Amino acid sequence: MSSTYRQAGAPAISAQTSTASLPLAGIRIMEFSHMVMGPSAGMILADLGADVIKIEPAPDGDPTRRLKDVAVGFFPTYNRNKRSLAIDLKAPEGCAVVQKLAAQADILIENYSPRTMDRLGCGYEELSGINPRLVYCSLKGFLSGPYEHRMALDEVVQYMGGLAYMTGPPGEPRRAGASVIDIMGGMFAVIAIQAALRERERSGRGQLIKSALFETTAFLMGQHMVRAQVTGVSPAPTGGKRAGVWTIYDPFETADGKKIFLGIISDNHWRRFCEKFGRPDLVSDPRYNTNADRVKERDTILPLVSGIIARYTQAELIELLDHLGCPFAPVATPSDLIEDPHLNANGRLLDVETPAGGNAKIPRLPLEMNGHALGLRRQPATVGQHTAEILTELGLTRTDIDDLCERNIVRCG
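Residues numbered from 1 in each chain as written. Predicted model: local features only at pLDDT ≥ 70, side-chain atom pairs only at ≥ 80, totals over all residues. Heavy atoms only, no water.

Engineer: Kindly report on the overall build of the protein chain, identifying the contributing residues and their values.
Structural biologist: A count of helices and strands for the protein chain gives 18 helices and 13 strands. With the principal axes as the frame, the protein chain shows a C-alpha extent of 85 × 55 × 40 Å. With 413 residues in all, the protein chain has 44% of them scored as buried. For the protein chain, contacts bridging at least 24 residues in sequence account for 71% of all contacts bridging at least 6. Of the roughly 20500 Å² that the protein chain leaves accessible, carbon and sulfur atoms contribute 55%. (Helix = DSSP H or I, 4+ residues; strand = E, 2+ residues; numbered from the N terminus. Buried < 20%, exposed > 50% of the residue type's maximum accessible area, 1.4 Å probe, protein only. Contact = heavy atoms within 4.5 Å. Areas by Shrake-Rupley, 256 points an atom, 1.4 Å probe, with all protein chains shown as cover.)

Engineer: Give a description of the pairing of strand S8 (residues 248–253) that names residues and reports values.
Structural biologist: Covered by surrounding structure in S8 are Ile248, Asp250 and Phe252 only, the residues Tyr249, Pro251 and Glu253 on the alternate face being uncovered. Hairpin remark: S8 followed by strand S9 (residues 259–264), antiparallel, with five residues in the connecting loop; positive phi at Gly257, about 80°. (Pairing = 2+ DSSP bridges.)

Engineer: Tell me about the packing of helix H1 (residues 37–47) against helix H8 (residues 180–203), residues and numbers included.
Structural biologist: Between H1 and H8, the shortest axis-to-axis distance is 8 Å and the interhelical angle comes to 50°. In terms of axis orientation, H1 runs oblique to H8. In the packing of H1 onto H8, the handedness of the crossing is right-handed. On the side of H1, the interface is formed by Met37, Ser40, Ala41, Ile44 and Leu45, while H8 contributes Asp182, Ile183, Gly185, Gly186, Met187, Ala189, Val190 and Ile193. Across the contact of H1 with H8, the residue classes break down as nine nonpolar, three polar and one charged. (Axes fitted to C-alpha atoms, helices over the stretch in contact; angles between N-to-C directions. Parallel < 35°, antiparallel > 145°, perpendicular 65-115°, else oblique. Left-handed = near helix turned anticlockwise from the far one by under 90°. Nonpolar A, V, L, I, M, F, W, Y, C, P; charged D, E, K, R; others polar.)

Engineer: Which residues make up helix H3 (residues 92–102), and what values do they have?
Structural biologist: Along H3, the residues that are buried comprise Gly94, Cys95, Val97, Val98, Gln99, Leu101 and Ala102. On its buried side, H3 packs onto strand S2 (28–32), strand S3 (51–57), strand S4 (82–87), helix H5 (124–130), helix H17 (387–393) and helix H18 (398–406).

Engineer: Lay out the pattern of salt bridges in plain terms, naming residues and giving numbers.
Structural biologist: When their charged atoms lie close together, side chains carrying opposite charge are able to pair. The final tally for this structure, using the stated rule, is 24 salt bridges. The closest approach of N and O atoms between Glu31 and Lys54, which form a salt bridge, is 3.4 Å. Taken together, the positions of Glu31 in strand S2 and Lys54 in strand S3 put the pair 23 residues apart, joining distant regions of the chain. There is no split in this pair, since Glu31 and Lys54 are both buried. One salt bridge in this structure joins Glu393 and Arg83, with 2.9 Å as the shortest N-O distance. Of this pair, Glu393 sits in helix H17 while Arg83 is found in strand S4, placing the two residues 310 residues apart along the sequence. Assessed through its relative accessible area of 38%, Glu393 is described here as partly exposed. (Salt bridge = Lys/Arg side-chain N within 4 Å of Asp/Glu carboxyl O.)

Below, the structure is given as structure tokens:
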């Protein structure tokens with residue numbers, strides 16, 4: 001277990017306790033979501049200051065809370081800065097509460113299976129009739145078209161959309177090592193939501209918007225699609241390499257058995273590298289005059305560079321390359337990031353509670369924005385933690401709330 005994992009009860013970092021000055025202060029969002037795509041969109045908006053109400057099924061809440069193994073980080077990573085309302089949407093009284101909340105909301109986010117929200121009485125047609133200003137965002141596997149009825153996962157669209165093919169070595173398609181499509185689909189949803197809010201300022205009306213996993217993957221594949229059409233040749237899997245473009249774009253083993261990635265993508269990079277590491281003869285060698293020349297000579301250059309790198313430890317190379325002006329990177333693991341000095345500077349890692357009962361460091365939004373502290377205001381909520389608070393804001397009395405709790409229509413944390 002990492003030494004940075006702290007036990008419950010330790011003080012949590014709180015970069016900003018008030019939303020008053022944040023960009024999306026005053027925007028209320030209803031989030032019906034689970035897993036990664038929907039929660040990541042809600043988290044971004046919450047970090048930017050919106051009041052995001054996570055609507056969870058009563059009594060047990062979002063099933064993502066109980067995931068283990070590789071998915072144990074999903075819930076704490078994507079559910080900070082939100083309030084939890086736990087409610088039985090299948091009960092007429094639960095549906096009535098949600099419709100009452102929708103009348104006051106600016107945005108609704110949902111990433112349930114196709115047609116689920118309609119069956120619950122919370123579809124776009126139903127809720128926009130109650131609140132014409134509502135921006136209703138559906139996050140799905142596919143946009144409108146022949147596949148829209150299908151369910152999808154991050155892995156499904158990585159394989160279907162060509163990303164796994166391009167990522168793995170030839171003949172071995174591999175998914176990316178993170179939920180990149182789920183998260184990017186959530187990011188595109190946020191872009192559309194903010195555009196819809198701007199359009200609402202002019203029109204006075206909300207709208208239905210959609211973001212989808214498959215189309216997000218296809219968007220990433222655009223450069224390869226164009227290449228196929230321009231060259232007439234289907235792109236080969238990269239396997240992490242760009243050998244046909246630049247001279248050196250590879251990871252190398254260091255003296256201490258670690259690895260470091262080095263990119264030498266210009267003539268200046270090559271000159272500075274050779275001079276720094278005591279090989280000016282390589283600069284004057286006519287075989288290596290230009291990048292195009294050096295690409296042709298990769299079979300001779302790679303062993304030369306590999307031999308140079310192998311004389312130094314990873315730490316020594318970081319020190320030498322840091323001021324050289326060439327792209328480089330130590331090959332890191334997720335665990336290495338926990339202690340990364342840059343990520344730990346300026347509060348960029350947030351101390352977030354996990355369902356397991358401890359705290360873990362989690363990256364904040366990768367933004368700097370006019371001095372705003374886009375940090376941790378609320379820990380990931382327990383199931384129904386804010387139910388009574390939210391129902392009170394909707395005008396329900398304590399008696400009303402107690403009655404709903406006793407009948408298991410809602411769960412009050």
